[in-house]
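Listed here are the chains, written in short residue letters.
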Amino acid sequence: MSRIPSHIIDEIMNTARIEEVIGEYVQLKKSGSNYKGLSPFTEEKTPSFMVSPAKQIFKCFSTGKGGTAVSFLMELEQFSYPEALRWLAERYNIQLPEAKPLSPEEQQELTERESLQIINTYAKDFFVDTIKNTNEGKNIGYTYFKERGFRDDTIEKFQLGYCPRSEKSFTDTALEKGYKQKYLEQLGLTKTSNDRKFDFFSGRVIFPIHSVSGKVLGFGGRTLQTNSKTAKYFNSPESILYDKSKVLYGIYFAKNEIIKQDNCFLVEGYTDVISLSQSGVENVVSSSGTSLTKGQIKLIQRYTQNITVLYDSDAAGIKASFRGIDLLLEEGMSVKVALFPEGEDPDSFAKSVSTEELKAYLHENQKDFVGFKTDVLLEGTENDPIQRAGLIKEIISSIALIPDSITRSVYLKQTADQFEIEEQTLLNELNKIRRRKQNESRGLPVPQEEADVEFIKKKAPKQGESTLRDFYDQEFDLLRILVLYGSRAIELEEAPEENTGEPVEVSVAELIIHELQKDDLSFHNPLLQKIYLLCVQGLEENIFYEPARFLRHEDPEIVSFVTDIMSPRYELSRKWLSDFKIETTEEIHKIPQAVKESLYAFKNSVIMRRIEEIQEELKNNMTYEPEVVNELLSEQILLERIKGRFAEQLGRIIL
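Residues numbered from 1 in each chain as written. Predicted model: local features only at pLDDT ≥ 70, side-chain atom pairs only at ≥ 80, totals over all residues. Heavy atoms only, no water.

## Quick word on the overall build of the protein
When you go through the protein residue by residue, the secondary structure sums to 30 helices and 18 strands. For the protein, with 655 residues in total, the buried portion stands at 45%. Taking the intrachain contacts of the protein between residues at least 6 apart in sequence as the baseline, contacts between residues at least 24 apart amount to 65%. (Helix = DSSP H or I, 4+ residues; strand = E, 2+ residues; numbered from the N terminus. Buried < 20%, exposed > 50% of the residue type's maximum accessible area, 1.4 Å probe, protein only. Contact = heavy atoms within 4.5 Å.)

Take a look at the structure:
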């Protein structure tokens, strides 16, 4: 994997639109000049995730994460820096230099995740090539998919393949290519038994499972044998690439249409997704036969709050899946259900009708889940009051899961009307259920006395632990000004260390760096010092680093820091001046004053830190010779005088 030249990186960063990139993962809504959405990094009900097209940055106020399109992909997709750049280059059709084959040394340096990803991609290509270009693949795998009614373009779109049984095996070929057996086994592609290696998916048609960005995470394999002892479907085992609880089959192909339609159809199997997609209903995903999880629901919530669960007419299967639907309600989703006609499932029904008929049927036969669950459970209970009472409790249990109180009230009234029961009676039951669940989730409360003790324990320093302050705020503020305004010019009354009486114009970066180098000062915090040294290096090369330059750095810590200082949680509205005639003074309008204040505060913090070090040294070392003690006390007295002068300067500057 060759290194990407800096001018190509600049082109990628200038071309990529962060709102478009993140919009493929998160449902964004316009909010003033920015976009807002639910954080993809944590569970939240109120959007705190902001995207700024003007600054080309994102900021998640729930988790503190922030950065550029590159750092977003690195965080969410676990891409390396070059991988994220290559993804963006492909997304925006930017030509990259031809990659050179990896040397054995470079191959050795690949991380485990990268190695596993390369093997998964190779396996996908192998299975696709087998179905296209081998006799066994065409006669068995391709024939099966065609008999299922899949067109060639559909087979190609979903990258469907076949793992051979009689021809040269995948494992043998992969080992010949130099891929490590331990990684093949880790991904579940290869199994060993009595020193014999064999393909896990041997003789099965293959359904690659993709991430939201299109990377192959694992595979599903369907047997074509009729032997009842053979499992119909095998899935890849979990790995550092493949976490079944956070993956939905088809999400890569469906995400844009889910955003467009503001709705997601949820089905059970691979072929259900493929058939519906081929028939023109593309906003469809599958939980791949596993019970629905919070991680999968969270994935859907990136794109929409609306979900429609599609069932065949198997009543037993419907009842078995109610727990998964309750989970959707609990996560605050708007849930509807559509039931297919007797004897039909999503796969078969999609193939039996036209696209227009399919879409019309799905639209006309959607029902809200609470009403649907009531209808299903009501069957056979009309004359049994005990069963009806149990049914009502089950319905109320589902309604109690809904986090929004207004939605709960609407469903509660609907249920009261349907069963001709006093709404207050149902409300009492609902409140009882919610209180019980809250108590279960919280556990026993900690007595206040114990809580106070724990708080004091956390606050108190441990034995031998330093009590010195780090003065991070002062360091942060000075570096923030250096990064944000370093290239701006300010006028000094006279040049530093000159006495000409003539004013001189210097940059903010020149002034700050000169003042720190003059006194041989540095930043105590390692990250801040790292960024400061980059600024020094830039100045030596006559380059004033703008924030955008730091945002292109491959160190995610640097990108995150610069994003933070560019992303205030609240900004003053322009209406203060235009509507209310109230003029607000922003920092950019008083940079000289801000620089002076920050420099004095920074230098003062260095003095105070040294004073505290002396005090701690005297306290902890009672065996010092009198001369050493006198030297330390003399230094402290001198520093106290300097601190006093700084305080005077700060007092005159601060308004």
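## With respect to the environment of Glu112
By secondary structure assignment, the location of Glu112 is in helix α6 (residues 112-133). For Glu112, a relative accessible area of 35% translates into the label partly exposed. Residues Glu112 and Ile240 lie 128 residues apart in sequence; the distance between their C-alpha atoms is 9.0 Å. Each residue touching Glu112, except ones within four places of it in the same chain, is listed here: Tyr183, Gln186 and Ile240.

## Comments concerning the confidence of the model for the protein
Mean pLDDT for the protein: 81, with 83% of residues reaching 70 or above. With pLDDT under 50 throughout, residues 444-465 is counted as low confidence; its partners more than four residues away or in other chains account for two contacts. (pLDDT = per-residue confidence, 0-100.)

## Points about the sheet that holds strand β3 (residues 49-52)
Spatial strand order, β1-β2-β3-β4-β5: five strands in an open sheet with antiparallel pairing. Two strands bound the open sheet, and with one partner strand each, they are β1 (29-31) and β5 (66-67). Of the strand pairs in this sheet, β3 and strand β4 (residues 57-60) are connected by four bridges, and their pairing is antiparallel. In the sheet register, Phe49 faces β4, and the bridge partner there is Cys60. (Pairing = 2+ DSSP bridges.)

## Considerations on the sheet that holds strand β13 (residues 284-286)
Each strand in a sheet pairs with its neighbour through backbone hydrogen bonds, running either in the same direction (parallel) or in the opposite one (antiparallel). In spatial order, the strands read β13-β12-β14-β15-β16; together these five strands make up an open sheet with mixed pairing. Here the strands that pair on one side only, and so sit at the sheet edges, are β13 and β16 (366-368). Pairs of neighbouring strands in the sheet enclose a mean axial angle of 35°, with direction left out of account. Of the pairings in the sheet, the one linking strand β15 (residues 334-339) to β16 comprises three bridges and is antiparallel in character. For Lys336, the partnering residue across the bridge sits in β16 and is Asp368. Helix-sheet contacts for helix α17 (residues 355-364) involve β12 (264-267), β14 (306-311), β15 and β16, and the interaxial angle to β16 is about 20°. (Axes fitted to C-alpha atoms, helices over the stretch in contact; angles between N-to-C directions.)

## Let's talk about the packing of aromatic side chains
The tally for this structure, following the rule as stated, stands at 36 aromatic pairs. Between Tyr25 and Phe72, the aromatic rings sit 5.5 Å apart at their centres with planes inclined by 75°, giving edge-to-face as the arrangement. Of this pair, Tyr25 sits in the loop between α2 (18-23) and β1 while Phe72 sits in helix α3 (residues 69-77), placing them 47 residues apart in sequence. Phe72 matches Tyr25 in its accessibility class, with the two residues each being buried. Aromatic pair Tyr25 and Trp87: ring centres 6.4 Å apart, planes at 50°, arrangement tilted. On the criterion of sequence distance, the pair formed by Tyr25 in the loop between α2 and β1 and Trp87 in helix α4 (residues 81-91) is long-range, its members being 62 residues apart. Residue classification places Trp87 among the buried residues on the basis of a relative accessible area of 13%. In this structure an aromatic cluster arises from ring pairing among Tyr144, Phe145, Phe150, Phe158, Phe207, Tyr233, Tyr249, Tyr252, Phe253 and Tyr270. (Phe/Tyr/Trp six-rings, centres within 6.5 Å; stacked < 30°, edge-to-face > 60°.)

## A few points about the pattern of salt bridges
Taken as a whole, this structure holds 21 salt bridges when the rule is applied. Between Lys255 and Glu24 there is a salt bridge, and its shortest N-O distance comes to 3.4 Å. Note that Lys255 is positioned in helix α11 (residues 251-261) and Glu24 in the loop between α2 and β1, a separation of 231 residues in sequence. By relative accessible area, which is 2% here, Lys255 ends up buried. The residue Lys157 makes a salt bridge to Glu282 at a minimum N-O spacing of 3.4 Å. Of this pair, Lys157 sits in helix α8 (residues 152-157) while Glu282 sits in the loop between α12 (270-278) and β13, and the two are 125 residues apart along the sequence. For Lys157, a relative accessible area of 30% translates into the label partly exposed. On the basis of relative accessible area, Glu282 is assigned to the partly exposed category, the value being 33%. The network of salt bridges with common partners includes Glu515, Lys518, Asp519 and Lys603. (Salt bridge = Lys/Arg side-chain N within 4 Å of Asp/Glu carboxyl O.)

## Thoughts on α4
Owing to its 3.6 residues per turn, the α-helix aligns residues three or four sequence positions apart on the same side. Most of α4 sits out of view: eight of its 11 residues are buried. For α4, every residue scored as buried is listed here: Tyr81, Glu83, Ala84, Leu85, Arg86, Trp87, Leu88 and Ala89. Buried positions along α4 lie against α1 (6-15), α2, α3 and α6. Just beyond α4, the residue with positive phi is Asn93, at close to 55°.

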